[in-house]
Amino acid sequence: MLTASWLDGLSLGEPIAADPLEGGYASKTFRVRTSRGRSVVVKTQDNLPPDLYALEADGLEALRTPGGFAVPEVLRVTPHFIVLTDLGTSDPSPTYWADAGRALALQHLRTADRFGYDRDNYLGVLPQRNPWTTDGHAFYAEHRLLRYLEEPTCHQQLPFEDRRRLERVAGRLGELIPPQGPALLHGDLWHGNLLPAPNGAPALIDLAVYYGWPEADLSTLLIYGRLSDELFTAYEEIHPLTPGWRDRLPLLHLRELLSITAHTPDVPETVSEIHTILKSFD
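Residues numbered from 1 in each chain as written. Predicted model: local features only at pLDDT ≥ 70, side-chain atom pairs only at ≥ 80, totals over all residues. Heavy atoms only, no water.

I would appreciate a short explanation of the packing of helix α7 (residues 214-223) against helix α9 (residues 245-263) in the present structure.
Geometry of a packed helix pair, given as the angle between the helix axes and the separation of the axes. One can describe the packing of α7 onto α9 by two numbers: an axis separation of 8 Å at closest approach and a directional angle of 90°. Taken together, the axis directions place α7 and α9 in an arrangement best described as roughly perpendicular. Taking contact as the criterion, the partners of Glu215, Ala216, Leu218, Ser219, Thr220, Leu222 and Ile223 in α7 are, on α9, Trp245, Arg246, Arg248, Leu249, Pro250, Leu252, His253 and Glu256. (Axes fitted to C-alpha atoms, helices over the stretch in contact; angles between N-to-C directions. Helix = DSSP H or I, 4+ residues; strand = E, 2+ residues; numbered from the N terminus. Parallel < 35°, antiparallel > 145°, perpendicular 65-115°, else oblique. Contact = heavy atoms within 4.5 Å.)

Sorry, what's going on with helix α10 (residues 268-279) here?
Every α-helical turn comprises 3.6 residues, leaving residues that sit three or four positions apart pointing alike. In a regular helix each residue adds 1.5 Å, so 12 residues correspond to 16 Å; α10 covers 16 Å between its end C-alpha atoms and thus fits that length. Those residues of α10 that sit buried are Thr270, Val271, Ile274, Ile277 and Leu278. On an axial view of α10, the arc spanned by its buried residues comes to 125°, and they lie on one face. Residues Pro268, Glu269 and Thr276 are exposed on α10 and point more than 90 degrees away from its buried face. (Expected span 1.5 Å × (residues − 1). Buried < 20%, exposed > 50% of the residue type's maximum accessible area, 1.4 Å probe, protein only. Arc of directions from axis to C-beta.)

Would you take a moment to explain the layout of surface pockets for this structure?
The method is simple in principle: a probe with the dimensions of a water molecule rolls over the atoms, and the space it marks as empty is what remains. Its boundaries defined by the atoms lining it, the largest pocket holds a volume of some 600 Å³. Gly24, Tyr25, Leu123, Gly124 and Asp188 are the residues nearest the centre of the largest pocket, which is lined by 27 residues in total. Elements with a minimum of two residues in the lining of the largest pocket: α1 (52-63), β6 (121-123) and α9. Residues that form the lining of the largest pocket fall into these classes: 12 nonpolar, 10 polar and five charged. The volume enclosed by the second largest pocket comes to roughly 440 Å³. Taken together, the elements giving at least two residues each to the lining of the second largest pocket come down to β2 (28-34), β3 (39-44), β5 (81-85) and β9 (194-196). Of the residues that constitute the lining of the second largest pocket, the class distribution is nine nonpolar, nine polar and six charged. (1 Å grid on protein atoms, 1.4 Å probe; cavity = no way out; pocket = protein on both sides within 12 Å on 5 of 7 lines; lining within 4 Å. Points joined across faces, edges and corners; volume = space filled by probe spheres on them. Nonpolar A, V, L, I, M, F, W, Y, C, P; charged D, E, K, R; others polar.)

What follows is the structure, encoded as structure tokens:
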């Protein structure tokens, strides 16, 4: 799939090849090589919400933090595609994991006085609602857990008793999650969205930004893969965590599992994982 109009007005030359890249639910993603020896990344898809790529561009800009993660530059954005600078395929630097921990901690030091964001955006292709909310437990319960019960694909796959369990757990967040201030979150920080920049430093892609609990970012980052302890050691040197944070990660990971279930019609393993987590709170 190669579309000449992707690079209109960018003075990068003509596109000559588009190599598919893995990752990302909403888009088909390509590394596009040009006649001038340049490369960019293009994300595109038909039938997406018309503001999805504009909101992705907004989130990328929001995440730029002095001393923090590298973030691709937005070169062009339309309702049908977004063109980003290419982070390439570099190897991670020797201090990659510690640098990632420090970068995430610095990002989480960027705070707000309420939970939410100044606009709604998307996780995958489904709306992520971000109304400014004073109570973090109420925000997470309503807008990160219970909102998925409205999605037909999620409602149909979750058994009735697990839907009731989710409602009960959402009502107990105040006793299960200690108070945390609202910090700037990536919002979809599984390890596939963390990768080396051209200089080997850690970089972020594919986000769903909002101000929320820092442990919510850590839950997605850690649950999906064993990462170097250097990341968490460096993180806590700058942004200490409340004791017991690792034990709370499965509960906070429910939001990601519910999103997967809402996006995908047949995910019995994910539904089973949701059941296991919820039943542990009976």
